[in-house]
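# Reading the structure
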Amino acid sequence: MEMKRLLILGIVVALCIVAMPVAAQTDDECVVTAGGSPISGNGIVPDYVTECINPTCADLGYAFEFKIDPPNADTYPVDSLGDIRVTRDGDFFNWSSDFGIDAVIAKGGVNANAYIYDPPFESFGDSELAAPADCGQPYNQCGLSHITFCYTPVPPTDTDGDGVPDTEDNCPDVPNEDQLDTDGDGIGDACEEAVPAPEFPSLALPAALIIGTIGMVYVIKTREK
Ligand SMILES: [Ca+2]
Ligand SMILES: [Ca+2]
Ligand SMILES: [Ca+2]
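Residues numbered from 1 in each chain as written. Chains lettered and ligands numbered in written order. Predicted model: local features only at pLDDT ≥ 70, side-chain atom pairs only at ≥ 80, totals over all residues.

Each helix and strand in the protein was counted, giving four helices and 10 strands. Overall, the protein shows an N-to-C arrangement of helices and strands of α-β-β-α-β-β-β-β-β-β-β-α-β-α. Per-residue burial over the protein gives 21% buried out of 225 residues. Taking all contacts inside the protein whose residues are at least 6 apart in sequence as the whole, residues at least 24 apart take part in 49%. (Helix = DSSP H or I, 4+ residues; strand = E, 2+ residues; numbered from the N terminus. Buried ≥ 20, exposed ≤ 12 C-beta atoms within 10 Å, placed from the backbone. Contact = placed C-beta atoms within 7 Å.)

So this is what it looks like as structure tokens:
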């Protein structure tokens, strides 16, 4: 009987151990520590990101990201914003862009470096970035697995608020969502100056004189009768 109790107790304990949650690495568990290395060419000291599998720009508080994996040296078009250009020097890399970048995540091994530009200001290029040297080897032994660029697109200026950006609006100061342009001259109907009605002074004056003369002749003739 005692053996049976022990057996049941053992089964219960085993089931409890199986049911215990296993601590899993997830992207929302990133630990960010200031003072990483290496410092970039622009003098940015990276944040050292650990404890998560693949840190994303959302983990750093940025809404948009462009991930380059594998991180080959190349030119990468990003939607309508422009290009991001990457060059490599071993496991270090340089980058430049046509639009403002808020942060760059350099991932290699199990950890990552996050080079934060904005705040204070977004950047259009930097050099000598790398993944953290956390594998006990020189940087060129640690590897660079991917690069993620974080950015915040600036909405185009729309002065009149009609939903058509100034650069495409045929009446940039007059709300005209329909962009109607009847005569097709590139200026919208809503702001096209009314063309003045044609005047014919050279004809109007003689006509008045003729009519006046006929009238006077008629009056004189009438009185003579
Ligand atoms: Ca507009
Ligand atoms: Ca408009
Ligand atoms: Ca027009």
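The next point concerns the sheet that holds strand S5 (residues 82–89). Whenever strands of a sheet pair, they do so through backbone hydrogen bonds, lying parallel or antiparallel. Strand order in the open sheet formed by four strands is S4-S5-S6-S9, and the pairing between neighbours is antiparallel. Sheet topology places strand S4 (74–78) and strand S9 (123–129) at the edges, where each strand pairs with a single neighbour. Neighbour to neighbour, the strand axes of the sheet diverge by 15° on average, direction disregarded. Note that S4 and S5 share five bridges and pair antiparallel. In the sheet register, Val78 faces S5, and the bridge partner there is Gly82. (Pairing = 2+ DSSP bridges. Axes fitted to C-alpha atoms, helices over the stretch in contact; angles between N-to-C directions.)

In this structure, Gly41 sits in the loop between strand S1 (31–33) and strand S2 (47–50). When the 13 C-beta atoms within 10 Å are taken as the criterion, Gly41 is described as partly exposed. Separated by 84 residues in the primary sequence, Gly41 and Gly125 place their C-alpha atoms 9.7 Å from one another. Look past the residues within four positions of Gly41 in its chain and what remains in contact with it is Asp126, Ser127 and Glu128.

On average, residues of the protein carry a pLDDT of 81, and 69% of them reach 70 or more. Mean pLDDT in the protein bottoms out at helix H1 (residues 2–19), which sits at 47, and peaks at S9, which reaches 98. (pLDDT = per-residue confidence, 0-100.)

Take the sheet that holds strand S7 (residues 103–108) next. Strand order in this open sheet of six strands is S1-S2-S8-S7-S10-S3, and the pairing throughout is antiparallel. Looking at the sheet topology across the chains shown, the edges are occupied by S1 and strand S3 (64–68). Strand-to-strand twist across the sheet, computed as the mean angle between neighbouring axes with direction ignored, equals 20°. Relative to strand S8 (residues 111–116), S7 runs antiparallel, the two sharing six bridges. Opposite Ala106, over in S8, you have Asn113 as the bridge partner.

Once that is clear, we can look at the environment of Cys52. Turning to its location among the elements, Cys52 is positioned in the loop between S2 and helix H2 (57–60). Accessibility expressed as a C-beta count within 10 Å gives 19 for Cys52, which makes it partly exposed. Here the alpha-carbon distance between Cys52 and Glu29, two residues 23 residues apart in the chain, equals 5.7 Å.

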